Amino acid sequence: MALVAGRKTFAAGKTLLLRAGVWLGAEAAARGGNGARRFVSQRVLVESDVTAGIATIKFKNPPVNSLSLEFLTEFIICLEKLENDKTYRGLILTSDCPGIFSAGLDLREMCGKNLAHYAEYWRAIQETWLKLYLSNMVLVAAINGASPAGGCLMALSSDYRVLADNPRYRIGLNETLLGIVAPFWFKDVLVNTIGHRAAEHALQLGLLFQPTEALQVGMVDQVVPEDQVQSTALSVMTEWLAIPDHARQLTKSMMRKATADNLIKQREADIQNFVSFVSRDSIQKSLQVYLEKLKQKKH
Ligand SMILES: CCCCCCCCC/C=C/C(=O)SCCNC(=O)CCNC(=O)[C@H](O)C(C)(C)COP(=O)(O)OP(=O)(O)OC[C@H]1O[C@@H](n2cnc3c(N)ncnc32)[C@H](O)[C@@H]1OP(=O)(O)O
């Protein structure tokens, strides 16, 4: 299996450095007789049913599927491949790590690094979001675990959310609890999903909702027993795929373009904001204290 080290050009005309070894094991695609295909990369599993035109991405970045730069790099490449392959009309996002959908941004990428690293990291976060939010595919999030902050954003950027009915699986934008501020485009996606008043409340308090509350506030569309999350996601997908692609895609774009454009027109300024915010001493301190608290939770 070849290692790839080079530059990949993304739609926005930006480049993201692929580190040597990141794509290790990718392209190990096996095709079964029933139209099932499996791509294996280190941190992102892609299973697909070619006949149905549905792919499933399983996050596999243990222990908590944090959005590290390496994870994001693999994820972006997988999304791009699926988007460009017209075989796939639908994509299910789920986790391969028991009990965790995604813990959101990798706090270690935001602590004790240099400014260039923060900028590279934030560009990858932006890119991931734009790819998810503007995907031509139908995206269904099969949320089979906890989903704070960036994990919640990925779910909110899907077209439909199915959450496992387990009170430990909380979902929400909890940034304020870390002493940081959700960027405006996280806020916009939340407002688009649950409305202005509920978003104002949830964002300021950093609320993490249990499944019944998440359903009530409209953060998820369905709560089902844990063992039915995948099958429900699949049947929702079948419903959505019954709609002609062109009509659905244009409608999705009509609903989402203004929100995405808000970021696209000020991507560089947003990166600079992030870099100067996260590199402040006070913010570094808050993040370190939070990470320490997470570690001590075990002892
Ligand atoms: C102007 C512009 C302004 C811009 C301003 C900037 C805006 C930034 C927007 C930020 C968005 C975000 O997503 S910020 C990230 C927010 N995420 C969170 O708050 C989640 C924190 N994590 C948790 O709550 C929990 O870990 C949870 C996911 C529920 C899983 O609980 P568990 O008991 O199963 O596991 P734990 O024991 O807690 O964690 C296992 C290990 O993973 C680590 N870990 C957990 N979450 C992690 C994380 N996000 N990043 C790194 N490491 C993490 C722990 O430290 C442990 O490390 P070891 O002890 O070494 O094993």
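Definitions and limits used
Residues numbered from 1 in each chain as written. Predicted model: local features only at pLDDT ≥ 70, side-chain atom pairs only at ≥ 80, totals over all residues. Heavy atoms only, no water. Salt bridge = Lys/Arg side-chain N within 4 Å of Asp/Glu carboxyl O. Helix = DSSP H or I, 4+ residues; strand = E, 2+ residues; numbered from the N terminus. Buried < 20%, exposed > 50% of the residue type's maximum accessible area, 1.4 Å probe, protein only. Phe/Tyr/Trp six-rings, centres within 6.5 Å; stacked < 30°, edge-to-face > 60°. Pairing = 2+ DSSP bridges.

**Q** Teacher, can you tell me more about the pattern of salt bridges here?
**A** For side chains bearing opposite charge, pairing can occur when the charged atoms are close. Here the structure, examined in full by the defined rule, presents 15 salt bridges. Between Asp 221 and Arg 161 there is a salt bridge; the shortest N-O distance is 4.0 Å. Here Arg 161 lies in strand β11 (residues 160–164) and Asp 221 lies in the loop between α6 (211–217) and β13 (222–224), a separation of 60 residues in the sequence. A salt bridge links Lys 187 to Asp 188; the shortest N-O distance between them is 2.8 Å. Residue classification places Lys 187 among the partly exposed positions, given a relative accessible area of 33%. Of the residues examined, Asp 188 reaches a relative accessible area of 12% and is grouped as buried.

**Q** Could you clarify how one ought to interpret the packing of aromatic side chains in this entry?
**A** When we look at a pair of aromatic rings, we describe it by the centre distance and by the angle of the planes. Following the criterion strictly, the structure yields 11 aromatic pairs and no others. Taken together, Trp 122, Trp 129, Tyr 133, Trp 185, Phe 186 and Phe 274 form an aromatic cluster joined through their ring pairs.

**Q** Even after reading the chapter, I still don't get the sheet that holds strand β8 (residues 99–100), so can you show me in this structure?
**A** In any sheet, the strands associate via hydrogen bonds between backbone groups, in a parallel or an antiparallel arrangement. The strand order β8-β10-β12 describes an open sheet built from three strands, whose pairing is parallel. With partners counted over all chains shown, the strands left at the sheet margins are β8 and β12 (171–172), one partner each. Across two bridges, β8 lies against strand β10 (residues 145–148) in parallel orientation. Note on β10: the bridge partner recorded for Ile 100 is Ala 146.

Function cannot be inferred from these measures alone, as they are strictly geometric.
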